[in-house]
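Chain by chain, the residues:
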Amino acid sequence: MCDGYDSFAENSFLAHVDDLEQKYMQFPECGIITAQPAFDKPCSKSTETSESEIIATDGNLTEVRTRDYCHSPKTLSLQENVTIEPGDDLLYDVPCSQALYLEKTEDSTSDLNKPSAKESYPLPSHQNLNEIPVEQPQEKKKLSPKSTESDPSRRRSLKDRLKSAMTGNAKAQTPKFSKRKQLKEAILSEEINVAKRTMESSSDDLGPFYSLPSKVRDLFVQYKGIKKLYDWQHTCLTLTCLQQRKNLIYSLPTSGGKTLVAEILMLQELLCRQKSVLMILPYVAIVQEKISSLSSFGVELGFHVEEYAGSKGRFPPIKRRGKKSLYIATIEKAHGLVNSLIEDGRINELGLVVVDELHMIGEGSRGAILEITLAKILYTSKTTQIIGMSATLNNVEELQEFLKADYYTSKFRPVELKEYLKINDTIYEVDIKAEKGYTFSRLLKCKYSDNLKKMDPDHLVALVTEVIPNYSCLVFCPTKKNCENVADMICKFLNKDYLKHREKEKCDFLKNLKNVSNGSLCPVLKRTIPFGVAYHHSGLTNDERKILEEAYSTGVLCLLTCTSTLAAGVNLPARRVILRAPYIATQFLKRNQYQQMIGRAGRAGIDTVGESILILQEKDKHLVLDLVNSPLENCYSHLGQEITKGIQSLLLSLIGLKIARNLEGIYDFMCGTFFGIQQKSLSEEKSLWEISQKALEGLIEKGLLQRQSVCKNGEESQCDLQITKLGKASLKGTLDLAYCDILYKDLKKGLEGLVLESYLHLIYLTTPYDMVSQCRPDWMIYLSRFNYLSSAEQKVAAIVGVSESFITKKASGQAIKKEVDKNIVNRLYLSFILYALLKETNVWSVSEKFNMSRGYVQALLSGAASFSSCVLHFCEELEEFWVYRALLTELTKKLSYCVKADLVPLMEVTGVLESRAKQLYDAGYKTVAHLANADPEVLIRTIDHLSRRQAKQIVSSAKMLLNEKAEALQEEVEDLLRPPPDTPGTVAPSSKNDELTQDVPH
Ligand SMILES: Nc1ncnc2c1ncn2[C@@H]1O[C@H](COP(=O)(O)OP(=O)(O)OP(=O)(O)O)[C@@H](O)[C@H]1O
Ligand SMILES: [Mg+2]
């Protein structure tokens, strides 16, 4: 077992090294190899460069790097043992890590040209450490003796690194290493060490790139095309408060480039401080996008990227001894993760928590969960830094008080945004200085036929044709249906020339779209895509949405009609953004929502200007002034409003996690919440104490908490609180406490006669309660398609109390004597849909059969997958439900990947959805290992409609997943083989010894 697993780990190491090699071969301009020209520049010729100049001269990265080391006395002071003497060999001018590298490349320049450098240096497994070439530079003379010999820590780190590589190698059957590869690994590790020391030694000193290895800068150029930081980004990153590790909120307009600052801070934490990082993002799709884009950083820089979204993510997370983890999580999953870390006493592992779209703290139950998560971190870990960012914050002071954070803001936007309003055929420019808030801009020139006027009273066709097809345009619509209608309507009046624009690519795209949809194609999209137009809303499947976004990003599609969901976080900018009406459904737009939508206008690096046009009717004119001119809305805590998902769930976990023991403790915690802070300023009717007390009583009534008298000195005194078994189960299942009671009853009833001839009964039990109320069963459609209930369906229906005759009567509209509880009937209907999905594994055919949107059916499926894992955790805490445990483990997997079993392993890779998994499988990539070892160039050639960027992301994500699995196994083996310290008759090893043996499996 050991052998097999060890060679597995070794492979991943090789893959890592291979990847580095590939990268340097492909991108010589970004690699260490190009450091060489820097040697030609004598140090004395460069001028002293200040930090800000370094940023400004980023165009020549290598030069900057060299100067950095050459002249900055600050930097030099960090490399304690490197002395510089004028007139010495030029090699003194480069970081010692690079000198070491160059020495070796000189030594082996011919190897660089060998096609199979990989196989040139087979190291026999018995080779001892001293024989590793890198430890014995043959041309030592060339280097400053101090730079290589008198820095023991550097030597040790190199040695350690190679030692562990060798250990892995020794276990492999056919060990093959390249000297160059080892060197590259060593150099990176060396740079990280330098950066780490920089961080520790002085807070003013910056390493090559904000205390990070210069490689990080190269990666930003390579993967994100970011060559130079904006001034504000530099200012923000060098704020004193950040250097003092204080919490920070920063706020900039949309597209201001907030993400980059957060990413640099996260890398500093992972690489220099060697702590794990949690990044909280609002939606699953955004988490997945981030995983895909940061996996390559993880693979190249040596940290884990772990997905906590949907049904993915492990509680508690695997404890890593080596590389640190970047957890990228949705709000709900972040909460689960933090709870599990607190429970295990590991919360201090989190060095940094980053919250994107911080204003979401004021939005409904998700806002309450975000608040709870942050409040718990603040209360339980004094060493975890919190960074929040947003484009739409108003009451910052309250948020600052809550997060104990400093604040940074700037109005910077890389591309100017011009705001317009359209009333009838006049366009006005928003101008806060003007009396009305806007000034006349122009009259819309358009010749509309009578027919067109009738069909398009808002002149949408005229407005979009001013920009498309050469520029992109987004049209926000109030409803999903309206998106489809508007897309269709616009295409009816578009000139035939639009069909010719990128015709071949659109044709290919349509084929691809049909492919991802199992051969089906939405008739609206079929009509609009040839014009470069599509709609985008939650009725689409994830696959469809993903490839539509891709086609829009690359300009194949030039116009998307969309709902407000597109505004939040997804990076799909446009030259022009049109708001079809100032409404979302029937609600007048809020200032924040308006700001987020118009913020999509203006692409950094592509457009020179962005414009937004809000279409208004005369009747709404008076409301608009507020919309465009008033300050952003404050965000308010929802902790108190959301009883079962908010305050009660918080109090239950405070007792359950032993953060508080009684009302006093709870009150102390509550004072520090955002709710507590706002409560103070709002001085509502009830005090915080009373509110907490009431919530506690609710929990006691529900049987989730119980009072326990504590005896002190023989007297009953303080009354502590204790979590009950049901409370613990609800906590573990992260249930909405409104449903814990009914779930318990349903599961209990299920035990009396569990129908196991199909999955249906189990599915029924894991159908999410919160989706039940929106469901409108149409039994007529159901029966007309399926004719009758299958025997499994009959049995389950009977057990939950719905008879077949009830269903037939419902379908035919007959009167029913005894109505059944609507919640049960709806839930049963939803479980029939899920059951059909598991059988057919085809969202399209099922949504057609049930006459529901494919997007809804897919959302139901992912909701059921998440809830099923919640029910599983619930059952794990209650002995009487032991039988469900094995069954639900299997069911959760089935619901999570409702596809043919063969595709499941491929879909574990972030960003690989069903259609892509099918393509890959058919092309022979059947496992994660196949993907991790794939050559992106070959993938592009063999897989249709796969861009180079996607191919690289798939390979990086697969490598990341494989590494993670390998390391988890490795650590498990080490734990198994480590003698327990309390083994009778043995002396417990000291903690120092323990550390030393960590890298070496026994
Ligand atoms: N220094 C830079 N140089 C060039 N492009 C940059 C730079 N910083 C960020 N960008 C790019 O600008 C775009 C917008 O950045 P980002 O997504 O971070 O904006 P944001 O501030 O988070 O906006 P939002 O509030 O809309 O989420 C991205 O495409 C990003 O790659
Ligand atoms: Mg952002």
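In this text, all values refer to a predicted model and were calculated from it rather than measured experimentally.

### A few points about the overall build of the protein
Here comes step 1: Scanning the protein from terminus to terminus reveals 48 helices and 19 strands.
Here comes step 2: The 1002 residues of the protein split such that 56% are buried.
Here comes step 3: Put simply, 72% of the contacts in the protein that link residues at least 6 apart link residues at least 24 apart.

### Quick look at the nonpolar core
Here comes step 1: Ranked by size, the top nonpolar core spans 123 residues in total, and within it L278, L374 and L651 carry the most contacts.
Here comes step 2: When residues no more than four places from it in sequence are discounted, the contact partners of L651 are I666, M670, S692, A695, L696 and L699.
Here comes step 3: Core analysis: the second largest hydrophobic core is formed by 73 residues, F476, C522, L566 and M597 among them.

### Overview of the pairing of strand 5 (residues 350–355)
Here comes step 1: Within strand 5, six of the six residues are buried, leaving the element largely enclosed by the surrounding structure.
Here comes step 2: Across five bridges, strand 2 (residues 276–281) lies against strand 5 in parallel orientation. Bridge pairing in strand 5 places L278 opposite V353.
Here comes step 3: The β-α-β motif built from strand 5, the intervening helix 18 (residues 364–380) and the parallel element strand 6 (residues 385–390) has right-handed crossover chirality.

### Things to note about the pattern of salt bridges
Here comes step 1: In this structure the tally under the stated criterion is 39 salt bridges.
Here comes step 2: R442 is the partner of E466 in a salt bridge, and the nearest nitrogen-oxygen pair spans 2.9 Å. With a gap of 24 residues between them, E466 in the loop between helix 21 (460–465) and strand 11 (473–476) and R442 in strand 10 (residues 438–443) connect regions that are remote in the sequence.
Here comes step 3: Looking at E466, the relative accessible area reads 38%, which means it is partly exposed.
Here comes step 4: On the basis of relative accessibility, which here comes to 28%, the residue R442 falls in the partly exposed class.
Here comes step 5: Put simply, E937 and R948 hold a salt bridge, and the shortest N to O gap is 2.9 Å.

### A word on the site of ligand 1
Here comes step 1: Close contacts around ligand 1 come from 16 residues, with K228, S255, G257, K258 and T259 the closest.
Here comes step 2: One of the side-chain nitrogen or oxygen atoms of K258 is found 2.8 Å away from an oxygen atom of ligand 1.
Here comes step 3: Between ligand 1 and T259, the relevant distance is 2.5 Å, taken from an oxygen atom to a side-chain nitrogen or oxygen of the residue.
Here comes step 4: The protein chains hide 80% of the 640 Å² of surface that ligand 1 would expose on its own.

### Overview of the sheet that holds strand 3 (residues 304–308)
Here comes step 1: Strand order across the open sheet formed by seven strands is 3-4-2-5-6-1-7, with parallel pairing between neighbours. At either margin of the open sheet sits one strand with a lone partner, and together these are strand 3 and strand 7 (405–409). Mean inter-strand twist for the sheet, computed between neighbouring axes without regard to direction, equals 15 degrees.
Here comes step 2: Sheet topology places strand 3 next to strand 4 (residues 325–330); five bridges connect them, and they run parallel. Note that in strand 4 the partner of E307 across the bridge is I328.
Here comes step 3: Here helix 18 sits on the sheet and contacts strand 1 (247–251), strand 2, strand 5 and strand 6; the angle it forms with strand 5, its principal contact strand, is near 155 degrees.

### Some thoughts on helix 44 (residues 914–922)
Here comes step 1: Those residues of helix 44 lying buried are E914, S915, R916, A917 and L920.
Here comes step 2: On the buried face of helix 44, the contacting elements are helix 24 (503–516), helix 26 (542–553), helix 43 (904–907), helix 45 (928–932), helix 46 (936–942) and helix 47 (948–977).
Here comes step 3: Phi for G924, located one or two positions after helix 44, is positive at around 100 degrees.

### Regarding the packing of helix 29 (residues 643–656) against helix 30 (residues 663–671)
Here comes step 1: Two elements in contact, helix 29 and helix 30, have axes whose closest approach is 11 Å; the angle formed by their N-to-C orientations is 125 degrees. By the criterion of interaxial angle, the relationship of helix 29 to helix 30 is oblique. Crossing handedness for the pair helix 29 and helix 30: right-handed. Within the contact between the two elements, helix 29 uses I647, L650, L651, L654 and I655 and helix 30 uses I666, F669 and M670.

### Some details on the sheet that holds strand 13 (residues 559–562)
Here comes step 1: Ordered in space as 10-9-8-17-14-11-13-12, the eight strands form an open sheet in which the pairing is mixed. For this open sheet the edge positions go to strand 10 and strand 12 (533–536), each flanked by a neighbour on one side alone. When strand polarity is set aside, the average angle formed by the axes of neighbouring strands in this sheet is 25 degrees.
Here comes step 2: By the bridge criterion, four bridges tie strand 11 to strand 13 in an arrangement that is parallel. Of the residues in strand 13, the one forming a bridge with F476 is C562.
Here comes step 3: Relative to the sheet, helix 22 (residues 480–493) contacts strand 11, strand 12 and strand 13, its axis offset from that of strand 13 by approximately 150 degrees.
Here comes step 4: Seen against the sheet, helix 27 (residues 591–598) touches strand 8 (416–423), strand 11, strand 14 (576–579) and strand 17 (609–616) and runs at an angle of roughly 145 degrees to strand 14.

### Focus on the side chain of E964
Here comes step 1: Mapped onto the elements of the fold, E964 is located in helix 47.
Here comes step 2: Although buried, E964 forms no salt bridge, and the nearest oppositely charged side chain, R320, lies 4.2 Å from it.
Here comes step 3: Not counting chain neighbours up to four residues away, the residues in contact with E964 comprise H304, V305, E306 and R320.

### Considering the packing of aromatic side chains
Here comes step 1: Counted by the stated rule, this structure contains 22 aromatic pairs.
Here comes step 2: Summarising the aromatic geometry, the rings of Y308 and F315 are spaced 5.7 Å apart at their centres and angled 40 degrees between planes, so their arrangement reads as tilted.
Here comes step 3: Looking at Y308, the relative accessible area reads 1%, which means it is buried.
Here comes step 4: Taken together through their ring pairs, the aromatic side chains of F209, Y210, F220, Y223 and F297 make up a single cluster.
Here comes step 5: Geometry around Y471 places R575 over its ring, the cationic atom sitting 4.0 Å from the centre.
Here comes step 6: The ring of Y921 carries K926 above its face, with NZ or CZ at 4.8 Å from the centroid.

### Things to note about the pairing of strand 13
Here comes step 1: Residues of strand 13 alternate between two faces, with L559 and T561 on one and L560 and C562 on the opposite face, all of them buried.
Here comes step 2: Bridge analysis of strand 12 against strand 13 gives four bridges, and the strand direction is parallel. Looking at strand 13, one finds that Y535 is bridged to T561.
Here comes step 3: With helix 26 bridging strand 12 and its parallel neighbour strand 13, the resulting β-α-β unit is right-handed.

### Considering the side chain of T673
Here comes step 1: Within the element layout of this structure, T673 appears in the loop between helix 30 and helix 31 (674–682).
Here comes step 2: Of the polar contacts made by the side chain of T673, one reaches the backbone oxygen of M670; its length is 2.7 Å.
Here comes step 3: Within the structure, the side chain of T673 is placed 2.9 Å from the backbone nitrogen of G676, a separation counted as a polar contact.
Here comes step 4: Apart from the residues lying within four places of it in its own chain, the contact partners of T673 are E371, A375, F402 and L639.

### Let's talk about the confidence of the model for the protein
Here comes step 1: The pLDDT averaged across the protein works out to 78; a share of 76% of its residues lies at or above 70.
Here comes step 2: In this model, residues 165–177 is a region of pLDDT below 50 whose contacts with residues beyond four sequence positions or in other chains number 32 contacts.

### A word on unusual backbone geometry
Here comes step 1: Between F315 and the following residue, P316, the backbone shows a cis peptide bond with an omega angle of -15 degrees.
Here comes step 2: Within the element layout of this structure, P316 appears in the loop between strand 3 and strand 4.
Here comes step 3: The step from I468 to P469 runs through a cis peptide bond, and the omega angle for that step is 5 degrees.
Here comes step 4: Locating P469 in the fold gives a position in the loop between helix 21 and strand 11.
Here comes step 5: Despite not being glycine, N424 has its phi angle at roughly 55 degrees, a positive value.
Here comes step 6: For N424, the position within the fold is in the loop between strand 8 and strand 9 (426–430).

### Concerning helix 18
Here comes step 1: Between its first and last C-alpha, helix 18 extends 25 Å over 17 residues, near the 24 Å set by a 1.5 Å rise per residue.
Here comes step 2: Of all 17 residues in helix 18, 13 are buried; the element is thus mostly enclosed.

### A word on the packing of helix 17 (residues 331–343) against helix 18
Here comes step 1: The interhelical angle for the contact between helix 17 and helix 18, taken along N-to-C directions, is 25 degrees, at an axis separation of 9 Å. Judged by the inter-axis angle, helix 17 sits roughly parallel to helix 18. In the crossing of helix 17 with helix 18, the sense of the turn from one axis to the other is left-handed. Across the interface between the two elements, I331, E332, A334, H335, V338, N339 and I342 of helix 17 pack against R366, I369, L370, I372, T373, K376, I377 and T380 of helix 18.
Here comes step 2: Of the residues contributing to the contact of helix 17 with helix 18, the split by class is eight nonpolar, four polar and three charged.

Rules and cut-offs
Residues numbered from 1 in each chain as written. Chains lettered and ligands numbered in written order. Predicted model: local features only at pLDDT ≥ 70, side-chain atom pairs only at ≥ 80, totals over all residues. Heavy atoms only, no water. Helix = DSSP H or I, 4+ residues; strand = E, 2+ residues; numbered from the N terminus. Buried < 20%, exposed > 50% of the residue type's maximum accessible area, 1.4 Å probe, protein only. Contact = heavy atoms within 4.5 Å. Core = buried A, V, L, I, M, F, W, Y, C linked by side-chain atoms within 4.5 Å. Pairing = 2+ DSSP bridges. Right-handed = clockwise from strand over helix to strand, strands pointing away. Salt bridge = Lys/Arg side-chain N within 4 Å of Asp/Glu carboxyl O. Near = heavy atom within 4 Å. Polar contact = N/O pair within 3.5 Å; in protein donor to acceptor, adjacent residues only side chain to side chain. Areas by Shrake-Rupley, 256 points an atom, 1.4 Å probe, with all protein chains shown as cover. Axes fitted to C-alpha atoms, helices over the stretch in contact; angles between N-to-C directions. Parallel < 35°, antiparallel > 145°, perpendicular 65-115°, else oblique. Left-handed = near helix turned anticlockwise from the far one by under 90°. Lys, Arg positive; Asp, Glu negative; His and termini not counted. Phe/Tyr/Trp six-rings, centres within 6.5 Å; stacked < 30°, edge-to-face > 60°. Lys NZ or Arg CZ within 6 Å of the ring centre and 35° of its normal. pLDDT = per-residue confidence, 0-100. Expected span 1.5 Å × (residues − 1). Nonpolar A, V, L, I, M, F, W, Y, C, P; charged D, E, K, R; others polar.

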